[in-house]
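Here is what each chain is made of, one letter per residue.
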Amino acid sequence: MPAGGPKFWRPMHRFILETSPGIEAELESLGLSISDGGPGYVSFEVDDTSELWSTVREWVDQHRDLVRLEEALDGEPLPWLCSCVTSYESAGHVISGMGGFLDFAFAVSADLGVPLSIAVPLSSARLGRKRKLVGSASLMKIAQDILEEGGWSTLMVYDDDDQSTEMIIPFWHQLNDTVFDEAITRFGLQPSFAIRLAWPGPRLDEVADRMASSTASLTEAVGAVYGFVGQENSPYAETRYEMFDQRDHSPTSHLEEVDRVARGSFWCNLLTDKHIETLGGVDRICREAPCAIIEENTRTGPVTTQVRLQVTERFSETTWEMLDELAEYLDPLLP
């Protein structure tokens with residue numbers, strides 16, 4: 001990690017919720033300092049690096065019907081639970097291999113009440129026509145149409161409410177005629193899916209588990225060289241580490257070599273051959289990685305091995321200190 005630099009963004013959260021003597025007593029029993037939140041409401045603030053955070057988070061999720069406002073202070077947005085895989089395969093291959101992951105994304109979004117329903121293609125110069133989605137099959141058809149049309153760099157997919165669920169499917173390969181091989185600079189395709197953390201509520205761990213399993217399957221299905229699932233500031237191209245903590249401070253310069261470079265420290269990290277070699281092999285990783293789950297999976301193709309490093313079994317139990325510890329372990333892989 002770069003000396004003296006910020007590590008991960010850790011916001012202070014403020015909550016305003018309906019009050020009653022019983023609710024106030026419960027909050028005080030958690031060790032929180034409460035204040036007036038307006039007529040009929042009480043408020044409190046808590047830092048998500050605090051020892052109280054996981055307990056408070058669980059309590060809030062159990063009392064979601066009482067919560068009027070949840071916000072991160074200083075104008076920062078609430079983080080997202082994001083998944084992303086990075087592949088050097090052609091856009092056509094990646095799109096055709098995403099079927100199972102698309103089914104997962106549509107199912108979990110619908111379960112949360114914020115279904116993916118809008119798709120719009122983007123380029124550096126223009127915004128395409130918005131198209132209504134009726135499911136993962138219709139998105140696949142739009143993606144295939146974009147491949148045939150050419151000229152689009154990204155397909156944005158989101159819910160029609162307040163964009164609490166988002167998917168991004170990039171098409172950068174078709175904007176460049178270069179053959180992407182070991183001898184030429186490459187820029188990885190990065191299909192991603194994200195859910196605003198305010199939405200999963202008490203189902204957070206279930207959603208995270210489903211996302212981790214589906215992302216691991218997608219990584220193998222499309223021949224991706226890297227993947228992650230974790231808490232991020234946004235569902236867009238740059239991770240928190242790439243924005244703030246890189247040694248060279250150039251957010252995307254390393255994507256051409258992400259088959260050997262990690263994009264940060266996450267709750268779930270999907271590493272492949274070159275990452276594994278740098279860390280000393282699978283057996284050494286199993287002995288030394290500060291993770292509750294370490295799973296090896298044999299793959300066919302240019303990449304032969306995939307290792308899933310998951311910091312904790314339950315996403316909600318992950319602390320920033322755990323992610324910092326993992327970042328120190330992954331230091332040989334970080335840009």
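So, how was this worked out
Residues numbered from 1 in each chain as written. Predicted model: local features only at pLDDT ≥ 70, side-chain atom pairs only at ≥ 80, totals over all residues. Heavy atoms only, no water. Pairing = 2+ DSSP bridges. Helix = DSSP H or I, 4+ residues; strand = E, 2+ residues; numbered from the N terminus. Contact = heavy atoms within 4.5 Å. Axes fitted to C-alpha atoms, helices over the stretch in contact; angles between N-to-C directions. Buried < 20%, exposed > 50% of the residue type's maximum accessible area, 1.4 Å probe, protein only.

Visitor: Just give me the short version of the sheet that holds strand 6 (residues 116-122), but keep the residues and values in it.
Guide: Pairing within the open sheet is antiparallel, and its ten strands lie in the order 7-6-8-9-10-5-11-12-14-13. Two strands close off the open sheet at either side, each with one partner strand: strand 7 (131-132) and strand 13 (293-298). Here five bridges tie strand 8 (residues 154-159) to strand 9 (residues 165-170), and the two strands are oriented antiparallel to one another. Its bridge partner being in strand 9, Met-156 is matched across the sheet by Ile-168. Taken strand by strand, helix 6 (residues 204-221) contacts strand 5 (80-86), strand 10 (192-196), strand 11 (226-232), strand 12 (268-272), strand 13 and strand 14 (305-310), and its axis lies near 10° from that of strand 5.

Visitor: Talk me through the pairing of strand 14; I want residue IDs and the actual numbers.
Guide: The element strand 14 is largely enclosed, with a buried count of six among its six residues. Here strand 14 shows two buried faces, one formed by Thr-305, Val-307 and Leu-309 and the other by Gln-306, Arg-308 and Gln-310. The pairing of strand 12 with strand 14 spans five bridges and is antiparallel. Among the inter-strand pairings, Asn-269 is bridged to a residue of strand 14, identified as Leu-309. With six bridges joining them, strand 13 and strand 14 adopt antiparallel strand pairing. Counterpart to Glu-296 in the pairing with strand 14 is Val-307. As consecutive antiparallel partners, strand 13 and strand 14 are separated by six residues, and within that stretch Gly-301 has a phi angle of approximately 110°, a positive value.

Remember, this is a structural readout, not a statement about activity or role.
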